[in-house]
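Residue strings, one per chain:
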Amino acid sequence: ETGNVSATLSNSQLQLLLGTLLGDGSMNFSNTGKGRYSSNHGWNQHEYNCQKYTVLSEFVKTPPAKSRNSGYGSWLSRFSTVLRQELFFLKNLCYRDGPSGRPTKFVNQQWLDLIDVEGLAWWVSDDGSMLRKIASIQLHTEGFSEQEVRLLSHWLQTKFGVTNTVVSTANRNRPGERLWFITVLVAGTATLIDLVRPYILPCMAYKLEAE
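One structure accompanies this document, and this report is about it. Note that the coordinates shown come from a computational prediction; the quantities given were computed from them, not determined experimentally. (Residues numbered from 1 in each chain as written. Predicted model: local features only at pLDDT ≥ 70, side-chain atom pairs only at ≥ 80, totals over all residues. Heavy atoms only, no water.)

**Some words on the overall build of the protein**
Quick note on the threshold: Note on conventions: DSSP H or I runs of at least 4 residues are helices, E runs of at least 2 residues are strands, and numbering of each starts at the N terminus. C-alpha atoms define the radius of gyration, and 2.2 Å times the number of residues to the power 0.38 defines the globule rule. To sort residues, take the accessible area from a 1.4 Å probe on protein chains only and compare it with the maximum for the residue type: under 20% means buried, over 50% means exposed, and anything in between is partly exposed. A 1.4 Å probe and the Shrake-Rupley method give the accessible areas. Residues count as covered only by the protein chains that appear here. Counting rule applied: Lys, Arg positive; Asp, Glu negative; His and chain ends not counted. By convention, the point assigned to a charge is CZ for Arg, NZ for Lys, CD for Glu and CG for Asp.
The number of helices and strands found in the protein is eight helices and ten strands. Since a compact globule built from 211 residues should have a radius of gyration of about 17 Å, the 17 Å found for the protein is in line with a globular shape. Projected onto the principal axes, the alpha-carbon positions of the protein cover approximately 45 × 35 × 35 Å. The buried share of the protein, reckoned over its 211 residues, is 45%. Summing over all exposed atoms, the protein offers an accessible surface of approximately 10800 Å²; the carbon and sulfur share of this is 49%. Counting 21 positive and 18 negative side-chain charges, the protein places the averaged centre of each group 8 Å from the other.

In structure tokens form, the structure reads like this:
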């Protein structure tokens with residue numbers, strides 16, 4: 001079923017969805033079998049969000065708009081698709097029911113198996129940051145569990161040859177809990193950059209720059 005539904009999307013649309021749902025993208029679903037994708041970025045990444053809109057424009061009525069970020073007073077670039085049946089397959093692929101009964105993102109092998117280098121580039125664009133002093137990319141996976149982050153780490157190593165390590169830090173908001181993220185080793189960073197550079201938008205090229 002997943003293959004049949006995703007085949008109605010272009011590969012670029014599919015890779016954008018699969019890659020950015022690992023990052024800043026989000027979904028909500030109706031009880032009538034339809035899904036809606038949403039993308040929110042800081043206003044300084046409005047150009048990047050506009051590129052996402054361009055890829056998904058057949059599912060979107062209005063381009064990214066400027067809206068206030070409640071709580072911080074800064075501005076966001078936001079857009080959402082309309083509810084579409086073509087997007088509902090992402091519920092079973094990328095989500096599971098959370099403690100409250102609402103769908104929660106859940107990293108799993110079936111999802112990762114569908115991601116190619118283009119999807120990897122979208123993820124790096126969303127969640128990557130360069131530690132310039134040591135030329136190492138970090139992937140900010142703090143929203144996922146240790147088990148999910150270790151699965152991502154193993155997938156990066158085995159599918160793409162990107163050497164990396166899983167690191168944890170204390171959760172300042174919840175004493176006693178740890179947050180987990182991926183540090184790509186220096187050699188792995190060079191491999192990762194070579195893979196994704198052809199797909200990285202010019203406005204996001206700074207994420208690959210060590211100096």
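**A look at the pairing of strand β8 (residues 136-139)**
Our working rule: A strand pair is defined by DSSP finding two or more bridges across the two strands.
The side-chain alternation of β8 yields two buried faces, one formed by S136 and Q138 and the other by I137 and L139. In terms of strand pairing, strand β7 (residues 128-131) meets β8 through four bridges, oriented antiparallel. Across the sheet, residue G128 finds its bridge partner in β8, namely L139. Between the end of β7 and the start of β8, which pair antiparallel, lie four residues, with A135 showing a positive phi angle near 55 degrees.

**Quick word on the packing of aromatic side chains**
Here is the rule: In this scheme Phe, Tyr and Trp rings, the latter by its six-membered ring, pair at centre separations within 6.5 Å, and the angle between planes marks the pair as stacked below 30 degrees, edge-to-face above 60, and tilted otherwise.
Summed over the entire model, instances satisfying the criterion amount to seven aromatic pairs. Between Y53 and F79 the ring centres are 6.2 Å apart and the planes differ by 75 degrees, which places this aromatic pair in the edge-to-face class. With a gap of 26 residues between them, Y53 in helix α3 (residues 46-56) and F79 in strand β4 (residues 75-80) connect regions that are remote in the sequence. Summarising the aromatic geometry, the rings of W123 and W155 are spaced 6.1 Å apart at their centres and angled 45 degrees between planes, so their arrangement reads as tilted. Taken together, the residues W123 in helix α6 (residues 117-127) and W155 in helix α7 (residues 146-160) connect sequence positions 32 residues apart. Here W155 falls in the buried class, since its relative accessible area comes to 2%. Ring pairs connect the aromatic residues F29, F88 and Y95, which therefore count as one cluster.

**Considerations on the pattern of salt bridges**
The condition that has to hold: By salt bridge we mean one thing: a side-chain nitrogen of Lys or Arg within 4 Å of a carboxyl oxygen of Asp or Glu.
Applying the stated criterion across every chain, the model contains four salt bridges. A salt bridge links E86 to R84; its shortest N-O distance comes to 2.9 Å. With a closest N to O distance of 4.0 Å, E177 and R174 form a salt bridge. For E177, a relative accessible area of 36% gives the class partly exposed.

**What about a nonpolar patch on the surface?**
Where we set the bar: Patch membership requires over 30% relative accessible area and the absence of a salt bridge. Like charges are linked within 9 Å, and nonpolar side chains (Val, Leu, Ile, Met, Phe, Trp, Tyr) within 5 Å.
Where nonpolar side chains cluster on the molecular surface, the patch consists of L131, I134 and V186 and spans about 250 Å² of accessible area. When you line up the elements, V186 lands in helix α8 (residues 186-196).

**Comments concerning the layout of surface pockets**
For clarity, the threshold we go by: Both cavities and pockets are sets of points on a 1 Å grid over the protein atoms alone; in a cavity a 1.4 Å probe fits but cannot get out, in a pocket the set is open with protein on both sides within 12 Å along at least five of seven lines, and lining residues sit with an atom within 4 Å of a point. Grid points are joined across faces, edges and corners, and a volume is the space filled by probe spheres set on the points. Just so you know the grouping, Ala, Val, Leu, Ile, Met, Phe, Trp, Tyr, Cys and Pro go in nonpolar, Asp, Glu, Lys and Arg go in charged, and all remaining residues, Gly too, go in polar.
There is about 440 Å³ of room inside the largest pocket. In terms of lining, the largest pocket is formed by 20 residues, of which the most central are T104, K105, E142, G143 and F144. Ranked by residue count, the leading element in the lining of the largest pocket is strand β10 (residues 178-184), at three residues. Looking at side-chain class alone, the lining of the largest pocket contains four nonpolar, eight polar and eight charged residues. If you add up the space inside the second largest pocket, you get close to 220 Å³. What lines the second largest pocket is simply S26, M27, N28, F29, S38, Y95, S100, R102, P103, T104 and K105. Breaking the lining of the second largest pocket down by element, the ones donating at least two residues are β1 (26-29) and β6 (103-105). Here the lining of the second largest pocket takes four residues from β1, the largest share from any one element. Tallied by class, residues from the lining of the second largest pocket come to four nonpolar, five polar and two charged.

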